[in-house]
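Residue-level listing of the chains:
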Amino acid sequence: MLQVTFITPEGNQSVAATAGDSLMEVAVANNVDGIGGDCGGVCSCATCHVRVAQDWVERVGRPGKDESEMLSFYPTATGESRLSCQIQLSDSLDGLVVEVAPLD
């Protein structure tokens, strides 16, 4: 098991996760406020938009082409933005911290 912390407007929410799950799956299963996962994880919406904490950006990796294109439609996207459905959790991401981004 590994730990992931989601920063939301309501406060921090730390949850247990399993390597191999997507970050979005973990967020939805734990009712993290602000993570919808409306498309089910196929990178066709941004209801799972997060901003990866600066210390984690290189370990998590940068978005791919499709993900970057989807993020380009959202004015709240930053250089740390990712779609949580595209982040596959592994033991190396134990302790990951992400901020749930507003969609508007």
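Residues numbered from 1 in each chain as written. Predicted model: local features only at pLDDT ≥ 70, side-chain atom pairs only at ≥ 80, totals over all residues. Heavy atoms only, no water.

(A) Layout of the pattern of salt bridges. Summed over all chains, the structure comprises 4 salt bridges. Between Lys65 and Glu69 there is a salt bridge; the shortest N-O distance is 3.7 Å. With Lys65 and Glu69 both in helix H3 (residues 65-71) and 4 residues apart, the pair spans about one turn of that helix. On the basis of relative accessible area, Lys65 is assigned to the exposed category, the value being 64%. Among the salt bridges present, the one from Glu67 reaches Arg82, with a minimum N-O distance of 2.7 Å. Highlighted residues: Glu67 in helix H3 and Arg82 in strand S4 (residues 81-83), separated in sequence by 15 residues. (Salt bridge = Lys/Arg side-chain N within 4 Å of Asp/Glu carboxyl O. Helix = DSSP H or I, 4+ residues; strand = E, 2+ residues; numbered from the N terminus. Buried < 20%, exposed > 50% of the residue type's maximum accessible area, 1.4 Å probe, protein only.)

(B) Fine view of the confidence of the model for the protein. The pLDDT averaged across the protein works out to 94; a share of 98% of its residues lies at or above 70. No element of the protein has a lower mean pLDDT than H3, which averages 95, and none a higher one than strand S5 (residues 96-100), which averages 98. (pLDDT = per-residue confidence, 0-100.)

(C) Structural context of the packing of aromatic side chains. As enumerated under the stated definition, the model contains 0 aromatic pairs in all. Over the ring of Trp56 we find Arg59; its NZ or CZ atom is 3.9 Å from the centre of that ring. (Phe/Tyr/Trp six-rings, centres within 6.5 Å; stacked < 30°, edge-to-face > 60°. Lys NZ or Arg CZ within 6 Å of the ring centre and 35° of its normal.)

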